[in-house]
Amino acid sequence: MADLAEGFAPEAFGSDAGDADAMLDTLHDPSAWPMFTVPLAGGFAIVVHFNSGEEFTTTDCFLTHPDWGQDLVLSSDDQDRIGPGLCWPELAALLEAPPGAAGVTDPHARLLLLLPVLGDAAVPEEAVTAVVEALVARGAPEASRALAERLLQGHPMWGAVGWWFDDDEQSWLCEGDHSPRKVPLGDHLPPRQRAALEACLTPR
């Protein structure tokens, strides 16, 4: 979330500056390329992948399924900039991990890890509350509302934009210039896989 929190020191997250630098070094290590898997219902997952080169590190987020031949890119902060990839209703629907899943299963960790993929200009008050709770659960000070509001303004590469739900397509669509969600998510998939994907992203 460092890219989203310009103007906030590591202490705002409850982190020592030295520890934060050490963590960034780990994430940006060209020999490491860390990856985090957020398991979803129906066998779906979101994979957050840090791609570290000699000059800079990019973060790519993919929606995956074992039956797919190709993953769907939700966001990428490389020079081509792709995002946002989720609206708030979808992200809120993904916070609870399916039973017995492996990977990132804690709801607070899932929210914070996927927050950079979000870019929604109409987040409700409950979103601010959820982000504050997640930050505090991960060690931030109780007074974290200002930080939460800043994080919900979206990634600096694409910001917070408008979304709407297309009843015909049964999919959220995004008006952001760089978003992969300008078209229905998974519109190339067979009907059965498309229905499973829609169910996965639907608030329960």
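1. Examining the packing of helix α3 (residues 107–114) against helix α4 (residues 125–137)
Packing of α3 against α4 leaves a shortest axis separation of 9 Å and a crossing angle of 110 degrees. The orientation of α3 relative to α4 falls into the category roughly perpendicular. The way α3 lies across α4 gives a crossing that is left-handed. Note on element contacts: α4 touches α3 through A130, V131, E133, A134, L135 and A137, opposite H108, L111 and L112.

2. Description of the packing of aromatic side chains
In total, this model carries three aromatic pairs according to the counting rule given. Relative to F50, the ring of F36 has its centre 6.1 Å away and its plane inclined at 80 degrees; by these criteria the two rings are edge-to-face. Here F36 is found in strand β1 (residues 35–39), whereas its partner F50 is found in strand β2 (residues 45–52), with 14 residues between them in sequence. Classification of F36 by relative accessible area gives partly exposed; the value is 32%. A centroid spacing of 5.6 Å and a plane angle of 65 degrees characterise the contact between F44 and W68, whose relative ring orientation is edge-to-face.

3. Some thoughts on α4
For α4, which comprises 13 residues, the first-to-last C-alpha distance of 19 Å matches the rise-based estimate of 18 Å (1.5 Å per residue) to within 8%. Within α4, the full set of buried residues consists of A127, V128, A130, V131, V132, A134 and L135. Residues of α4 that are buried in the fold lie against α2 (88–93), α3 and α5 (145–151). A positive backbone phi angle near 110 degrees is found at G139, which sits one or two residues after α4.

4. Describing the sheet that holds strand β4 (residues 72–76)
Strands sit in the order β1-β2-β3-β4 across an open sheet of four strands; the sheet is antiparallel. Lying at the two open borders of the sheet, with one neighbouring strand each, are β1 and β4. Averaged over all pairs of adjacent strands, the angle between strand axes in this sheet comes to 20 degrees, irrespective of strand direction. Looking at chain direction, β2 and strand β3 (residues 57–64) are connected through eight bridges and run antiparallel. Following the sheet pairing, V47 is matched in β3 by F62.

5. Considering the pairing of β1
Taken together, the five bridges between β1 and β2 define a ladder with antiparallel strand orientation. Each bridged residue has a counterpart across the sheet, and for F36 the counterpart in β2 is V48. Counting the residues in the hairpin turn of β1 and β2 gives five residues, including G42, whose phi is positive at 70 degrees.

6. Focus on the pattern of salt bridges
Following the criterion strictly, the structure yields six salt bridges and no others. One salt bridge connects D106 with R138, and the closest N-O pair in it is separated by 3.2 Å. Of the two residues, D106 is situated in the loop between α2 and α3 and R138 in the loop between α4 and α5; the sequence distance between them amounts to 32 residues. Of the residues examined, D106 reaches a relative accessible area of 29% and is grouped as partly exposed.

7. A closer look at the side chain of T58
Along the chain, T58 falls in strand β3. Ignoring any residue separated from it by four or fewer positions in sequence, one finds T58 in contact with H49, F50, N51, D77 and D78.

So, how was this worked out
Residues numbered from 1 in each chain as written. Predicted model: local features only at pLDDT ≥ 70, side-chain atom pairs only at ≥ 80, totals over all residues. Heavy atoms only, no water. Axes fitted to C-alpha atoms, helices over the stretch in contact; angles between N-to-C directions. Helix = DSSP H or I, 4+ residues; strand = E, 2+ residues; numbered from the N terminus. Parallel < 35°, antiparallel > 145°, perpendicular 65-115°, else oblique. Left-handed = near helix turned anticlockwise from the far one by under 90°. Contact = heavy atoms within 4.5 Å. Phe/Tyr/Trp six-rings, centres within 6.5 Å; stacked < 30°, edge-to-face > 60°. Buried < 20%, exposed > 50% of the residue type's maximum accessible area, 1.4 Å probe, protein only. Expected span 1.5 Å × (residues − 1). Pairing = 2+ DSSP bridges. Salt bridge = Lys/Arg side-chain N within 4 Å of Asp/Glu carboxyl O.

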